[in-house]
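So the chains spell out like this:
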Amino acid sequence: MKRLLPVILLVLALPLWLSCGGKDKQSKETTAKTAKGETEVAMPEMPQHIPYYDLKLKLRKYAKVDIAIDETVLSEPEKEALTKLVQAARVMDDIFFRQVWSGNAAMQAKIDEVHDFSHKQPFTPIGENHDLIYDLLRFYNINFGPWDRLAEEAPFIGSAAKPKGANFYPEDMTKEEFETYISQNPEKAEELRGYFTVIRRQNGGLVTVPYSEEYKDLLTRAAVLMREAADILTNPANTAKFAKGVDYTTLAAYLRSRADAFFANAYRQSDMDWMDVENNIIDVTIGPYEVYEDALFGYKASFEAFIAIRNPADSKKLEGIKKYLPKLEQSLPLPAEHKNPTRGSESPVSVVDLVYSAGDTKAGVQTIAFNLPNDEAVREAKGSKKVMMKNISQAKFDKILVPIATQVLDPAQMDQVVFDAYFSNTLMHEISHGIGPGTIKKKDGTETTVNRELKELYSFLEEAKADILGLYCTRVLVKEGFLDKATETKGYICFLPGFFRSIRFGATAAHGKANMMEFNFFREKGAIEFDPETEKFHVHVDKMPAAVEAMASKLLMIQALGDYDGAKAFIDLYSQSSPELEKLLGKLKDIPTDIEPVFAAEEFLDMGQRRHSHKKPAPVTHQH
Ligand code: ZN
């Protein structure tokens, strides 16, 4: 109980969190029958706030990983520019904190007050509870607010529910109010629903405030840093120091137009410029992108950033695979009339090592690949770009996939679980999104898309298709002599722990459901087999190719025909869990769900003390 105290103190110091605290204050004396049903025993009273023990359990779901980069590939001016870009990205952290919750600024100030991380003042008020406050802060930073993103946004401090519309709308605004206001002011509809505006209350009505106003202070700071980086990267005195063939003209153009976009509140031109950036060593993606944080409507874009450096060896390998795209499309187990020879080159893929991520993408689960931009007009004009982060994949492989494999896979096959094969699967998955049916013709001759026909089932089918075609295409590339046989074999085996990793995110998520279908299909075909003695699965590598081809053919036909009913029937048939599965999932409870990246860049780039360092401060009064 003693360890609980500081959390309560902290919460009591924050009256805003107690605004709807009535409910959890009621002392509940619940009773329960004993096994025999004769006497009644009192259940213990639930604590008002999270005990430290729970916080430790919550933190254990995130494996802390140092994200290092190979700085030897960078010249001095490139390092200098990278420093500016990481600093600009950190501004995205600050903006996202504001976007998540109106109370975040006050909360951070409060935490700074009770715990001076800079140690400029003697650390006395909560001295011996140093670890607790440190952990609380760490978890708070992971979640960008006091709600646990891995527990359906349950509050871990206080008891107030997270506002559905985050801080994009007035907290007390309902969906109905917004819709009514729009119907009364139809001329403002576009502005109100815009990606880059927040909604505030004024004189009883609603008003829109553009991001360029709402976050002006922070956007100005980021813009300055981005323009400085662009200048460094295009200064003739510096360009001579870059490696042969490296030219940052297109990146600088993007950085400058993105900085302009922050003030103009118009992002299309800079999205276009991002598509035109040639692959150099430094790779930057920064701005407002995804709309998931707006759980009320999904209109408002959250700020984020990916600062990365490109891996030359992988980029070369990718270039090689691209040459085979027409061949891969031709080889699909699908009648010729449904093949799509012009597809494939529309979505380039690049592989990078992440230097620093910020904002939306860093909250909760870490992104391993992204496909941007989202603006349909830009996608039509220029396509989209897929970026995969190899070092983040490696971190998840080491901390999550290998421990899972140890629990679920036949030990005799463990030596086949290697990062290169796992990453190859991921890479082929991404490439496979770009092949197969996309635009299709219905029976009556009208043109439509797979997405439009399969509606809410589309993402389940599309993710399963990408997984399966990934394995299928690997085999084709082996036959072509581009990949070696070992990659194919290891790829089949790595699929199994990969399946368990995905399913832990929940069977309702697109990847979870897709994996469930693949798993059950493979079991039905005898390609994976459960041994009740050892309680582990064996992968029958020899049976995999036939199983993969059979499933590929089924999924592709459903897509080619835009067969909604067929998709539904397939999902219903193959997405059921089983007792063995549940048992094994139970064994994975203590394996981390995701990683907490600790970016080495912040140290080597000598950016000084971070606002909320993940590094544990030196004076610790006790060990634990
Ligand atoms: Zn995918």
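Our subject is the structure that appears above.
Scoring rules and cut-offs
Residues numbered from 1 in each chain as written. Predicted model: local features only at pLDDT ≥ 70, side-chain atom pairs only at ≥ 80, totals over all residues. Heavy atoms only, no water. Donors = N, O, S within 2.8 Å, 3.2 Å for Na, K, Ca; no water. Helix = DSSP H or I, 4+ residues; strand = E, 2+ residues; numbered from the N terminus. Axes fitted to C-alpha atoms, helices over the stretch in contact; angles between N-to-C directions. Contact = heavy atoms within 4.5 Å. Core = buried A, V, L, I, M, F, W, Y, C linked by side-chain atoms within 4.5 Å. Buried < 20%, exposed > 50% of the residue type's maximum accessible area, 1.4 Å probe, protein only. Domains from an automatic or database assignment. Pairing = 2+ DSSP bridges. Expected span 1.5 Å × (residues − 1). Phe/Tyr/Trp six-rings, centres within 6.5 Å; stacked < 30°, edge-to-face > 60°. Lys NZ or Arg CZ within 6 Å of the ring centre and 35° of its normal. Lys, Arg positive; Asp, Glu negative; His and termini not counted. Salt bridge = Lys/Arg side-chain N within 4 Å of Asp/Glu carboxyl O. Polar contact = N/O pair within 3.5 Å; in protein donor to acceptor, adjacent residues only side chain to side chain.

Student: Would you mind going over the coordination of the zinc ion with me for this structure?
Tutor: Four donors placed tetrahedrally around a metal ideally meet at 109.5 degrees, and six donors placed octahedrally ideally meet at 90 or 180 degrees. Taken together, the protein donors to the zinc ion comprise His429 (NE2), His433 (NE2) and Glu463 (OE), at separations of 2.1 Å. Read from N- to C-terminus, the donor residues coordinating the zinc ion fall into the pattern H-x3-H-x29-E. Here His433 and His429 lie together in helix 18 (residues 419-433), a separation of four residues that amounts to about one turn.

Student: What's the story with the packing of helix 23 (residues 544-561) against helix 24 (residues 564-574) in this structure? I'm lost.
Tutor: If you want to describe how two helices pack, look at the angle between their axes and the distance between the axes. Put simply, helix 23 and helix 24 touch, their axes get as near as 9 Å, and they point 145° apart. In this structure, helix 23 uses Met551, Lys554, Leu555 and Ile558 to contact helix 24, whose residues at the interface are Gly566, Ala567 and Phe570.

Student: Help me out: how do you make sense of the nonpolar core in this one?
Tutor: Most often, soluble globular proteins have nonpolar side chains that are buried together. Ranked by internal contacts, the top residues of the largest apolar core, which has 164 residues, are Met92, Phe178, Phe500 and Phe522. Among the elements that make up this core, the one with the highest residue count is helix 20 (residues 458-479) (twelve residues). Both domains that meet at this core, namely domain 1 (2-68 + 101-160) and domain 2 (311-587), each give it at least three residues. Once residues within four sequence positions are removed from consideration, Phe178 is found in contact with Tyr169, Met173, Leu192, Arg193, Ile199, Leu206, Phe297 and Tyr299. One finds Phe139, Ile142, Phe144 and Ile157 within the second-largest nonpolar core, a separate group that totals 17 residues.

Student: Please explain the sheet that holds strand 10 (residues 349-359) as it appears in this structure.
Tutor: Strand order in the open sheet made by the five strands is 8-9-10-12-11, with mixed pairing throughout. Edge positions in the open sheet fall to strand 8 (282-288) and strand 11 (369-372), since each of these has one partner strand only. Going across the sheet, the axis of each strand differs from the next one's by a mean of 35°, ignoring polarity. Sheet topology note: the strand 9 (residues 303-310)/strand 10 ladder contains seven bridges and is antiparallel. Pairing of Ile307 across the sheet is with Tyr356, part of strand 10.

Student: Honestly, the environment of Lys485 in this entry has me stumped. Any pointers?
Tutor: Structurally, Lys485 is set in helix 21 (residues 485-503). Given a relative accessible area of 48%, Lys485 falls into the partly exposed group. Spatially, the C-alpha atoms of Lys485 and Arg475 are 8.1 Å apart, while their sequence positions differ by ten residues. Apart from the residues lying within four places of it in its own chain, the contact partners of Lys485 are Arg475 and Val478.

Student: How do you make sense of helix 10 (residues 216-234) when you look at a structure like this?
Tutor: Each α-helix winds once per 3.6 residues, and so residues spaced three or four apart point in a common direction. Look at helix 10: 27 Å from first C-alpha to last across 19 residues, which is about the 27 Å you get at 1.5 Å a residue. Of the residues making up helix 10, those classed as buried are Leu218, Leu219, Ala222, Ala223, Leu225, Met226, Ala229, Ala230, Ile232 and Leu233.

Student: Sorry if this is basic, but what is going on with the packing of aromatic side chains here?
Tutor: Each aromatic ring pair is described using two quantities: the centre-to-centre distance and the angle formed by the ring planes. In total, this model carries 37 aromatic pairs according to the counting rule given. On the basis of an interplanar angle of 35° and a centroid distance of 6.2 Å, the ring pair of Phe521 and Phe570 is categorised as tilted. Of the two residues, Phe521 is situated in helix 22 (residues 510-524) and Phe570 in helix 24; the sequence distance between them amounts to 49 residues. The exposure classification of Phe521 matches that of Phe570, with both residues buried. Linked through ring pairs, Tyr195, Phe196, Tyr211, Tyr215, Phe262, Tyr267 and Phe303 together constitute an aromatic cluster. Directly above the aromatic system of Tyr564 lies the positively charged group of Lys455, at a separation of 4.9 Å from the ring centroid. The lysine or arginine in question, Lys513, covers the ring of Phe460, its NZ or CZ lying 5.2 Å from the ring centre.

Student: I'm lost on the side chain of Lys300 in this one. Help?
Tutor: Examined against the element boundaries, Lys300 turns out to sit in the loop between strand 8 and strand 9. One buried charged residue, Lys300, forms no salt bridge at all, with the nearest opposite charge on Asp294 at 6.3 Å. A polar contact is formed between the side chain of Lys300 and the backbone oxygen of Gly194, at a distance of 2.8 Å. Side chain to side chain, Lys300 and Thr197 meet in a polar contact 2.9 Å long.

Everything listed here is a matter of coordinates, which is why it stays silent on function.
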